[in-house]
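# Examining the three-dimensional arrangement
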Amino acid sequence: MTKPFKRILMTGAAGGLGRQLRGPVQAFADIVRLADIADLGPAGPGEEVVQCDLADREAVLKMCEDVDVVLHFGGISTETPFEPIMNANILGMVNLYEAVHKHGIRRVIFASSNHTMGMYKTTDLVDASMPLRPDGYYGVSKVFGESLSRFYWDRFGIETVCIRIGSCFPVPANVRMLSTYISLDDLVELLRCSLAAPRVGHTITFGVSNNPSQWWDDKHARFLGYVPRDSSAKFTHMFPASGSYAPQDDITITYQGGGFLLNGPKYPS
Ligand code: NAI
Ligand code: 15L
């Protein structure tokens, strides 16, 4: 069967999501180029493997040679001190888009995050037109990525779908994740839709399954045609109601960003 692309690049391929997506992304292209700063092991059939630090401009330029489309999953994925985030998620993003532009790559799918909006309350319903409210350095770096990709669309016509991924883990780790859960199958389907749509311009979509509790309204990205099939409902029994109210001053319950708020910048440090 003919595949939609000749060569797809997936950064962050050695990470938690990258390892699980390594098989499914084969459906999208004849050749999958897997990249990470960490070791990826040997290339399998239909694969190429590149070890590359996103902060290394020349290496990123080379990583993007002869690529048709990019799935950008590489970078720091949690709240950490600023320096690693700056190198991987900010400088790395600049290097990537410079290379994408130089090589004439037309579309990027960017693994953004719900932490771009983590300071909204868990009682809010958020959509992509609402002001950004990141919950720490990590969320701010994803806001930077969304903003940089917007600039590259407006100025150079490079298309990006920013997927504000919720929590893509096999099983929710806490009550919060009953609202933020996305299954791997649903994420793969959202990637497929983001690659297949004829025109995406600069689109922000929420990567979430059809969970009983919804914090995000994806009305601005319906045209992608993503219809989640999974739900966190099957995990609800893991978190029975305690019968007592959570303390009002618990910021991990008040804000959508949850535990990330505890690890962000604090003064005095
Ligand atoms: P992960 O931390 O397991 O994987 C990230 C990968 O990026 C790692 O393999 C790491 O070696 C690589 N990396 C880090 N710094 C790098 C650098 N300077 N140069 C090249 N590669 C570098 O994270 P995970 O969970 O696989 O997430 C993948 C992407 O999806 C991340 O961008 C994350 O922010 C985003 N995301 C993930 C969510 C989830 O539920 N897993 C939720 C929201 C966003
Ligand atoms: C993210 O952005 C992280 O990359 C991931 O590790 C999870 O913590 C997720 O958000 C979440 O909010 O659960």
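Up top is the structure.
Presented here is a report on the structure given in the accompanying data block. Predicted model only: the values in this text are computed from it and were never measured.

Moving on: the sheet that holds strand 5 (residues 107-113). Read across the open sheet, the seven strands follow the order 3-2-1-4-5-7-8; overall the sheet is parallel. For this open sheet the edge positions go to strand 3 (47-51) and strand 8 (202-207), each flanked by a neighbour on one side alone. The average angle at which neighbouring strand axes cross in this sheet is 20°, direction not considered. Examined bridge by bridge, strand 1 (residues 5-11) and strand 2 (residues 29-36) share six bridges and lie parallel to one another. Looking at strand 2, one finds that Leu9 is bridged to Arg33. Along the sheet, helix 3 (residues 82-102) contacts strand 4 (69-72), strand 5 and strand 7 (159-165); its crossing angle with strand 4, the most-contacted strand, is approximately 170°.

Around ligand 2, the neighbouring residues are Ser77, Ser113, Asn114, His115, Tyr138, Gly166, Ser167, Phe169, Arg176, Met177 and Phe260. Asn114 has a polar side-chain atom sitting 3.1 Å from an oxygen atom of ligand 2. In the environment of ligand 2, an oxygen atom lies 2.7 Å from a nitrogen or oxygen atom belonging to the side chain of His115. Here ligand 2 has 320 Å² of accessible area as a free molecule, and 84% of this is covered by the chains. Of the residues belonging to the shell around ligand 2, the class tally is four nonpolar, six polar and one charged.

Before going further, it helps to spend a moment on the site of ligand 1. Around ligand 1 lies a shell of 25 residues, among which Leu17, Asp36, Ser77, Tyr138 and Cys168 are the nearest. Note that an oxygen atom of ligand 1 is positioned 2.8 Å from one of the backbone N or O atoms of Gly16. The separation between an oxygen atom of ligand 1 and a polar side-chain atom of Lys142 is 2.9 Å. For ligand 1, whose free accessible area comes to 820 Å², the fraction covered by protein is 85%. Mapped onto the shell around ligand 1, the elements with two or more residues apiece are helix 1 (16-21), strand 5 and helix 4 (137-156). Sort the elements by how many residues they give to the shell around ligand 1 and strand 5 lands first, with three residues. When the residues that make up the shell around ligand 1 are grouped by side-chain class, the tally is 12 nonpolar, 10 polar and three charged.

Summed over the entire model, instances satisfying the criterion amount to 11 salt bridges. Measuring nitrogen to oxygen at the nearest pair gives 2.8 Å for the salt bridge that ties Arg107 to Glu159. Of the two residues, Arg107 is situated in strand 5 and Glu159 in strand 7; the sequence distance between them amounts to 52 residues. The buried category is assigned to Arg107, whose relative accessible area is 9%. Arg192 is the partner of Glu189 in a salt bridge, and the nearest nitrogen-oxygen pair spans 2.9 Å. On the criterion of helical spacing, the pair formed by Glu189 and Arg192 is a turn pair, its members being three residues apart in helix 6 (residues 184-196). Here Arg192 falls in the partly exposed class, since its relative accessible area comes to 39%. By sharing partners, the salt bridges in this structure join Arg7, Arg33 and Glu48 into a single network.

Turning next to the environment of Trp216. For Trp216, the position within the fold is in strand 9 (residues 216-217). You can call Trp216 buried: its relative accessible area is 5%. Spatially, the C-alpha atom of Trp216 lies 5.4 Å from that of Leu125, the residues being 91 residues apart in sequence. Only 2.8 Å separates the side chain of Trp216 from the side chain of Gln256, close enough to count as a polar contact.

Conventions used here
- Residues numbered from 1 in each chain as written.
- Chains lettered and ligands numbered in written order.
- Predicted model: local features only at pLDDT ≥ 70, side-chain atom pairs only at ≥ 80, totals over all residues.
- Heavy atoms only, no water.
- Pairing = 2+ DSSP bridges.
- Helix = DSSP H or I, 4+ residues; strand = E, 2+ residues; numbered from the N terminus.
- Axes fitted to C-alpha atoms, helices over the stretch in contact; angles between N-to-C directions.
- Contact = heavy atoms within 4.5 Å.
- Near = heavy atom within 4 Å.
- Polar contact = N/O pair within 3.5 Å; in protein donor to acceptor, adjacent residues only side chain to side chain.
- Areas by Shrake-Rupley, 256 points an atom, 1.4 Å probe, with all protein chains shown as cover.
- Nonpolar A, V, L, I, M, F, W, Y, C, P; charged D, E, K, R; others polar.
- Salt bridge = Lys/Arg side-chain N within 4 Å of Asp/Glu carboxyl O.
- Buried < 20%, exposed > 50% of the residue type's maximum accessible area, 1.4 Å probe, protein only.

Without other data, these values stay purely geometric and don't point to any function.
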